[in-house]
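# Survey of secondary and tertiary structure
Now for the letters of each chain:
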Amino acid sequence: MRWIYSGIFALVMILFLTGSIVPPLTLQTEAAILVEQTTGRVLYERNMHRRMYPASMTKLLTALVVLDILDPDDVLVVGPEIRNMPLGYNTGVHQEGEHITVRMLLKSLLIRSANESARVLALNAVQMRNGRFNLHYVDEAKGVFAAMMNEKARELGVLDSRFTNPYGLHDTRHFTTAYDLALIARAFMDVPLLAQIVGMRTFEGDGLEGREPEGAFVQHFNWTNTNQMLPDAPHGHPFVTGMRTGYTTPAGECFAASAYNNGLGLITIVFDSASPGRWQDTRRLLDYGFANFAFRDVSGGEVSHTVRLDNPRLEDDGILTVTSRGSYNTLLSIDEIASLERIVTYDALLLVPPEEREPDTDEGILLRIPLGGIEEGEIVGLVSYRINGETVYTTNLYAAHGVLERTFDTDMDFFIARFFGALFSRGALPYWFGSVGWLFGIVCMVIAITVSRRARSYGRWRSMPRGRY
């Protein structure tokens, strides 16, 4: 019996490793999602449409709105907008009168998670967009920027979210969903500057990035990213590339992460997961995604097939090679890869139906050659690729070479060519030499007979009596 148990264990391990059995994910989060970056395909979800509080993950959208209006090299002056921050939201990063670039404010926003940076950026974005530079943040700019955030969210396809401030201050009217935030996160990671910033584990530098204009008040900064899943962080994951944490008491611990490995980019969103649950949940989601999904070329590039021909020319082998061109690369799970099938169909006008075949022909595809033949590059059929019975890609089949139909003229050409080919082939040399020998013998015989006859005639002439004249 021991060998039976060993065999069962080995079979289960094989199925597990090949992905036929996927262990269920055990997560602590209330809502989560795992999506692929480029396609947006949802690979796993838990309550992805439940409304949740995003806390500082809000800053992903804030950064997108800011870069639609302000240039990273713009220099801003921090003003009174950083005063009177809500209790617990003041990080003490900036001071009034400080000169700082938009790029540095984005680093402060996304690495240090400075809420004051969000206020400075929001006020200046509103002023620039509206052409008014006398706006007060609390009185006017906050609402205008919130409207800009919601407008941007709708452009990204976000339909079940609402934002009332640029940094995630708790508000029952400020909410999103795992699905909506994944849309925002995908757009965020498509911006190279933002993707670079959230991938920085630490940062040290000054507010004007080395510039020293006269009279400017510039601070020096040294920050450590709140994202503890970057490769060299305490909960580091080797494939994590960045993104944003979030926390308020009502929201709980939240985390949006991005990761990349072997051509596959993943986005995860985790809401309301107790510490260190957000790191553990994110790791489980990422490991699940990388273990079970990959981009595959379902067509394998250019594929060649061969098909038999009915009544080909005598000199042809009766085989037509057909090819499919191009490729189709798509995201597939391990189960989908296992179920992938290729279906080849040929033009119905070229197919020889079973009732028209010769009785002794075997089964299989048989194509007739139409009048005028089949030209190289001519479309002769289709090849389709199906996953679980659903067609995911279809492309044309082309003739790799030309073929002509069999006619009386092609038969005559074949026999004439074969005759003369045989006549002047190397194998015909003995026959040529034999024929020349026979001809030479006959010529010699004719010459000998002719000479003999002439000799006899001359002898008779000499023996004849001569008269006198």
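What counts as what
Residues numbered from 1 in each chain as written. Predicted model: local features only at pLDDT ≥ 70, side-chain atom pairs only at ≥ 80, totals over all residues. Heavy atoms only, no water. Helix = DSSP H or I, 4+ residues; strand = E, 2+ residues; numbered from the N terminus. Buried < 20%, exposed > 50% of the residue type's maximum accessible area, 1.4 Å probe, protein only. Contact = heavy atoms within 4.5 Å. 1 Å grid on protein atoms, 1.4 Å probe; cavity = no way out; pocket = protein on both sides within 12 Å on 5 of 7 lines; lining within 4 Å. Points joined across faces, edges and corners; volume = space filled by probe spheres on them. Nonpolar A, V, L, I, M, F, W, Y, C, P; charged D, E, K, R; others polar. Pairing = 2+ DSSP bridges. Axes fitted to C-alpha atoms, helices over the stretch in contact; angles between N-to-C directions. Salt bridge = Lys/Arg side-chain N within 4 Å of Asp/Glu carboxyl O. Core = buried A, V, L, I, M, F, W, Y, C linked by side-chain atoms within 4.5 Å. Parallel < 35°, antiparallel > 145°, perpendicular 65-115°, else oblique.

Our focus in this paragraph is the overall build of the protein chain. Secondary structure assignment for the protein chain yields 11 helices and 17 strands. Buried positions account for 43% of the 469 residues belonging to the protein chain. Sequence-distant contacts in the protein chain: of pairs separated by 6 or more residues, those separated by 24 or more amount to 64%.

To continue, consider the layout of surface pockets. One number sums up the size of the largest pocket: a volume of about 290 Å³. Along its surface, the largest pocket is lined by 19 residues, and S56, G88, S113, N115 and Y247 are the ones closest to its centre. The biggest single contributor to the lining of the largest pocket is strand β7 (residues 240-248), with 5 residues. Classifying every residue of the lining of the largest pocket by side-chain character gives 5 nonpolar, 10 polar and 4 charged. In this structure, the second largest pocket occupies an estimated 200 Å³ of space. As for the second largest pocket, its lining consists of 13 residues, of which N262, F290, F293, A294 and R296 are closest to the centre. Those elements that place two or more of their residues in the lining of the second largest pocket are α8 (277-292), β10 (293-297) and α9 (334-339). It is β10 that provides the largest number of residues to the lining of the second largest pocket, a total of 4 residues. Among the residues forming the lining of the second largest pocket, the class breakdown is 8 nonpolar, 4 polar and 1 charged.

Turning to the sheet that holds β7, a few remarks are in order. Sheet architecture is open: 5 strands sit in the order β2-β1-β9-β8-β7, paired in antiparallel fashion. Each having just a single partner strand, β2 (42-46) and β7 make up the two edges of the open sheet. On average, each strand axis in the sheet is tilted by 5° relative to the strand beside it, whichever way the strands run. With 8 bridges joining them, β7 and strand β8 (residues 252-261) adopt antiparallel strand pairing. Counterpart to T248 in the pairing with β8 is G252. On top of the sheet, helix α6 (residues 178-189) reaches β1 (31-36), β2, β7, β8 and β9 (264-271); it is set at about 140° to β9, its chief contact.

This paragraph deals with helix α2 (residues 59-67). Burial within α2 is extensive, with 8 of its 9 residues counted as buried. Among the residues making up α2, those that are buried are K59, L60, L61, T62, A63, L64, V65 and V66.

Counted under the stated rule, the structure contains 12 salt bridges. The salt bridge partner of R50 is E30, with a shortest N-O separation of 3.3 Å. Residue R50 is found in the loop between β2 and α2, and its partner E30 is found in the loop between α1 (2-18) and β1; the two are separated by 20 residues along the sequence. Looking at E30, the relative accessible area reads 35%, which means it is partly exposed.

Counting residues in each nonpolar core, the largest one holds 72 residues, and the members touching the most others are L106, F145, F188, I269 and F271. The element contributing the most residues to this core is α6, with 9 residues. Excluding residues within four positions of it along the chain, I269 makes contact with A31, A32, I33, A178, L181, A182, A185, F255 and A256. Counting residues in each nonpolar core, the second largest holds 23 residues, with L43, Y44, A233 and A257 among its members.

For the rest of this paragraph, the subject is the environment of T62. As for its position among the elements, T62 is in helix α2. A relative accessible area of 0% places T62 in the buried class. Residues within four places of T62 in sequence aside, it is in contact with L109, F145, M149, P166 and Y167.

This part covers the side chain of E336. With respect to the helices and strands, E336 occurs in helix α9. Judged by its relative accessible area of 16%, E336 falls in the buried class. Setting aside residues up to four positions removed in sequence, E336 forms contacts with R41, L331, I387 and N388.

Moving on, we come to the packing of α2 against helix α5 (residues 137-155). Orientation of α2 relative to α5, taken along the N-to-C sense of each, is 95°, at an axis distance of 10 Å. As judged from the angle between their axes, α2 and α5 are roughly perpendicular. From α2, L61, T62, L64, V65 and V66 reach across to α5, where they touch F145, M148, M149, K152 and A153. When grouped by side-chain class, the residues that make up the contact of α2 with α5 number 8 nonpolar, 1 polar and 1 charged.

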